[in-house]
Amino acid sequence: MVVIDAILVKGNGPLRGEVAISGSKNAALPILTAAILFRDPVSIDNVPELRDITTLLNLLSLLGVRSVRRGKRIVLDASGPLSHEAPYDLVRKMRASIYVLGPLLARVGEARVSLPGGCAWGPRPVDLHIMAMEKLGAEVSVDHGYVVAKSPPGGLRGATISFGTSSVGATCNALLACVTAKGETTLENAAIEPEVDSLAEFLAACGAPIDGIGTRTLHVRGVDRLRPVPFPVIPDRIEAGTFLAAAAITGGDLNVTGCRPDHLDAVLQTLRDAGCEIETGKNSIRCRGSLPPKSFDITTAPYPGFPTDMQAQMMALASIGDGVSRLTDTIYTDRFTHVAELVRLGADVRLEGNTAVVRPVGGLSGARVMASDLRASAALIVAGLVAKGQTHVSRVYHIDRGYERIEEKLRNVGASIERVREEGP
Ligand code: EPU
């Protein structure tokens with residue numbers, strides 16, 4: 001018998017008050033992985049306490065990278081000998097484990113990294129990561145479920161790498177691999193998500209000349225050695241967006257602090273479309289919701305487009321809207337595992353290909369629901385904030401991968417939410 005956590009949430013009226021945003025999971029993961037490249041200890045600040053971060057630190061520890069956490073700061077030390085194998089047991093818990101591929105090739109000259117496999121909403125390939133390593137001169141094969149890669153004699157060599165599809169992960173991996181390669185690398189059609197820019201800024205601050213940060217073409221001049229500088233992780237734009245959705249769906253008034261409004265333009269526009277009043281400060285966003293929300297349409301797209309990681313939470317909002325909303329996911333065309341669960345709460349959502357058509361209903365009613373991925377869990381909690389009666393969200397370990405103390409943060413602004421232990425399958 002396994003004991004796992006569930007979250008119980010009850011519709012409890014408007015949320016009011018202030019919520020402080022934690023460091024970004026998706027920015028922290030590649031930056032922490034970069035520690036493999038350093039021969040001196042690296043200190044990273046504002047690292048959120050999340051299950052995915054622990055998974056990565058466990059993987060890094062297995063590779064020989066020691067880490068110590070002091071509050072929000074993690075100091076990593078990769079000065080000792082490193083191993084080059086990332087086993088299935090750890091990689092299967094988190095796809096971002098593939099980030100070790102580039103730095104291991106750069107530092108150790110070889111890597112054996114389990115293929116991450118699929119996830120709840122589709123195959124999620126890593127072909128672009130492999131292509132990038134091959135362009136830098138590595139020999140790569142897939143053997144018994146592992147990506148097996150070897151750098152050429154003398155180490156990775158700078159190259160031009162052109163991504164057909166904009167990929168956050170492949171751009172980060174390529175950056176991590178090429179920053180200590182011989183010569184210059186050009187990344188074409190690089191992803192420009194804030195998390196990618198932040199990794200590039202970190203590497204640049206540590207002495208790697210990188211031109212074009214924030215644009216789709218990055219020029220990187222490889223250096224022999226990186227010199228660590230303490231670096232803070234940027235605020236989590238998806239956590240901020242999730243709390244804004246929670247303010248909107250409850251007709252509440254939340255001030256989301258310690259965030260970067262400029263990273264959330266597309267989400268803020270959609271919230272305005274939904275009838276919310278949005279005020280931005282330098283590092284804060286105030287959202288006042290009005291009920292019922294107006295219907296709205298979104299189509300996910302690479303940054304600065306609407307983020308796929310906010311699609312599920314906005315579907316929860318649309319489900320109590322005053323008209324028909326359409327939510328299309330072009331990044332992950334199958335990322336709709338939350339649809340059936342929102343329907344259990346009374347939503348009227350029908351899928352037409354990769355578009356969810358959401359029609360108005362009188363309101364949501366609490367039920368037992370099951371989360372099958374991180375953002376789906378967040379959407380179910382957001383929906384539970386307005387559902388009549390109790391919503392019981394099981395498999396909460398998904399939410400712990402990416403939201404720091406979510407129930408405490410929500411409780412502090414008036415939500416009726418608690419975590420309970422229950423017997424798992
Ligand atoms: N793709 C390929 N081949 C590859 C890599 C990606 O075809 O080798 C495709 C994907 O299938 C997808 C598109 O490219 O259609 C974009 O995927 P991307 O590589 O950008 O996604 P990722 O790096 O695997 C990161 C985030 C995800 C987020 C996506 C999109 C991390 C650790 N993960 O994933 O975050 O949804 O970018 O923005 O940064 C989450 O936090 O809940 C989450 C899933």
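Structural data are supplied above this passage.
Think of each chain on its own: its residues are numbered from 1, step by step along the sequence as written. Whole-chain, interface and lining totals are the exception, using all residues; otherwise, since this is a predicted model, local features are given only for residues with pLDDT of at least 70 and side-chain atom pairs are given and counted only at 80 or more. Side-chain figures throughout are based on the complete set of non-hydrogen atoms in the structure, without hydrogens or water.

Describe the sheet that holds strand β14 (residues 231-232), listing the residues and the values that go with them.
Strands belonging to one sheet form pairs held by backbone hydrogen bonds; the direction of such a pair is parallel or antiparallel. Note on pairing: DSSP must find at least two bridges between two strands before they are called paired. For helices the rule is a DSSP run of H or I covering at least 4 residues; for strands it is a run of E covering at least 2, with both sets numbered from the N terminus onward. Taken together, the four strands give an open sheet; going across it, the order is β4-β5-β3-β14, and neighbouring strands pair in mixed fashion. Looking at the sheet topology across the chains shown, the edges are occupied by β4 (66-70) and β14. As paired strands, strand β3 (residues 42-45) and β14 are joined by two bridges and run parallel to one another. When the sheet's bridge partners are listed, Asp 45 is paired in β14 with Pro 232. This element, helix α2 (residues 51-63), spans β4 and β5 (73-77) of the sheet and lies at about 20° to β5. We call two residues in contact when some of their heavy atoms are within 4.5 Å. Angles here are taken between N-to-C directions and fall from 0 to 180 degrees, while the axes themselves are lines fitted to C-alpha atoms, restricted in helices to the stretch in contact.

Requested: an account of the nonpolar core, with residues and values cited.
Nonpolar side chains in soluble globular proteins generally cluster together in the buried interior. What is meant by a nonpolar core is a set of buried Ala, Val, Leu, Ile, Met, Phe, Trp, Tyr and Cys residues, joined one to another through side-chain atoms within 4.5 Å. A 1.4 Å probe rolled over the protein chains alone gives each residue an accessible area, and that area as a share of the maximum for its type sets the label: buried under 20%, exposed over 50%, partly exposed in between. Residues Ile 44, Leu 175, Phe 202 and Leu 203 are the most contacted members of the largest nonpolar core, which totals 80 residues. For this core, the element with the most residues is helix α6 (residues 168-178), which contributes seven residues. Ignoring anything within four residues of it in the chain, the contact list for Leu 203 reads Ala 34, Leu 37, Leu 175, Val 179, Ala 208, Ile 210 and Leu 226. Counting 67 residues, the second largest nonpolar core, distinct from the first, contains Val 267, Ile 320, Val 349 and Val 382.

I'd like to hear about the pattern of salt bridges, residue by residue, with values.
A pairing counts as a salt bridge when a side-chain nitrogen of Lys or Arg comes within 4 Å of a carboxyl oxygen of Asp or Glu. Inspection of the entire model under this criterion finds 21 salt bridges. Linking Glu 85 and Arg 112 is a salt bridge whose minimum nitrogen-to-oxygen distance equals 3.0 Å. Here Arg 112 lies in strand β7 (residues 110-114) and Glu 85 lies in strand β6 (residues 85-86), a separation of 27 residues in the sequence. Here Glu 85 falls in the partly exposed class, since its relative accessible area comes to 31%. Among the charged side chains, a salt-bridge network with shared partners connects Asp 5, Asp 400, Glu 407, Arg 419 and Arg 421.

Pulling in residues and values, what's your account of the site of the ligand?
Being near a molecule or strand, for a residue, comes down to having at least one heavy atom within 4 Å of it. Residues in contact with the ligand amount to 24 residues; listed here are only the nearest, Asp 127, Ser 167, Val 168, Asp 309 and Ile 331. Within the contact set of the ligand, an oxygen atom lies 2.8 Å away from a backbone nitrogen or oxygen of Leu 128. In the environment of the ligand, an oxygen atom lies 3.3 Å from a nitrogen or oxygen atom belonging to the side chain of Arg 335. Accessible surface area values rest on a Shrake-Rupley calculation with a 1.4 Å probe, where residue burial reflects the displayed protein chains alone. Protein chains shield 85% of the accessible area of the ligand, which is 820 Å² for the free molecule. Classifying every residue of the shell around the ligand gives 11 nonpolar, seven polar and six charged. What qualifies as a polar contact is a pair of N or O atoms within 3.5 Å, subject to a donor-acceptor requirement within protein and to the restriction that residues adjacent in sequence count only when both atoms come from side chains. Classification used: nonpolar for Ala, Val, Leu, Ile, Met, Phe, Trp, Tyr, Cys and Pro, charged for Asp, Glu, Lys and Arg, polar for all others including Gly.

Explain α6 residue by residue, including any values.
Within α6, 10 of the 11 residues are buried, which leaves it mostly tucked inside the rest of the structure. Burial in α6 covers these residues: Gly 169, Ala 170, Thr 171, Cys 172, Asn 173, Ala 174, Leu 175, Leu 176, Ala 177 and Cys 178. Measuring from the side-chain oxygen of the N-cap residue of α6 to the backbone nitrogen of Gly 169 gives 3.5 Å; that N-cap residue is Ser 167.

Just give me the short version of the packing of α6 against helix α7 (residues 194-205), but keep the residues and values in it.
Close contact between α6 and α7 brings their axes to 10 Å; oriented N to C, the two are set at 10°. The angle between the axes of α6 and α7 places the two elements in the roughly parallel class. For the pair α6 and α7, the contacting residues are Val 168, Thr 171, Cys 172, Leu 175 and Leu 176 in the first and Val 196, Leu 199, Ala 200 and Leu 203 in the second. Looking at the contact of α6 with α7 residue by residue, the class counts come to eight nonpolar, one polar and no charged. Every angle not falling under 35 degrees, over 145, or within 65 to 115 is termed oblique; those three ranges are roughly parallel, roughly antiparallel and roughly perpendicular.

Describe the sheet that holds strand β20 (residues 348-352), naming the residues involved and giving the relevant values.
Pairing is mixed across the open sheet formed by four strands, whose spatial order is β18-β19-β21-β20. Because the sheet does not close on itself, it has two edges, and the strands there are β18 (297-299) and β20. When strand polarity is set aside, the average angle formed by the axes of neighbouring strands in this sheet is 15°. With four bridges connecting them, strand β19 (residues 325-328) and strand β21 (residues 355-359) associate as antiparallel partners. Paired with Leu 327 across the strands is Ala 356, a residue of β21. Strands β18, β19, β20 and β21 of the sheet are contacted by helix α10 (residues 311-318), whose axis makes an angle of about 170° with β19.

Can you lay out the packing of α10 against helix α12 (residues 374-384) for me, pointing to particular residues and giving the numbers?
Packed helices, taken two at a time, are described by the angle between their axes plus the distance between the axes. Close contact between α10 and α12 brings their axes to 7 Å; oriented N to C, the two are set at 25°. In this view, α10 runs roughly parallel relative to α12, as classed from their interaxial angle. For the pair α10 and α12, the crossing hand works out as right-handed. Contact residues: α10 offers Ala 312, Gln 313 and Ala 316, while α12 offers Arg 375, Ala 376, Ala 378, Ala 379, Val 382 and Ala 383. Residues of the contact of α10 with α12, tallied by class, amount to seven nonpolar, one polar and one charged. If you view the pair so one helix is near and one far, a crossing is left-handed when the near helix is turned anticlockwise from the far one by less than a right angle, and right-handed when it is turned clockwise.

Quick one: what's the story with the side chain of Arg 107, residue by residue and with numbers?
Mapped onto the elements, Arg 107 comes out in helix α4 (residues 101-107). Working convention for charge: Lys and Arg count positive, Asp and Glu count negative, and His plus the chain ends are omitted. Among buried charged residues, Arg 107 stands out as having no salt bridge; its nearest opposite-charge side chain is Asp 77, 7.5 Å away. Separated by 2.8 Å, the side chain of Arg 107 and the backbone oxygen of Ile 36 make a polar contact. With residues near it in sequence (within four places) discarded, Arg 107 still touches Ile 36, Leu 37, Phe 38, Arg 39, Ala 78, Ser 79, Gly 80 and Leu 82.

No statement about biological role is implied by the geometric values presented.
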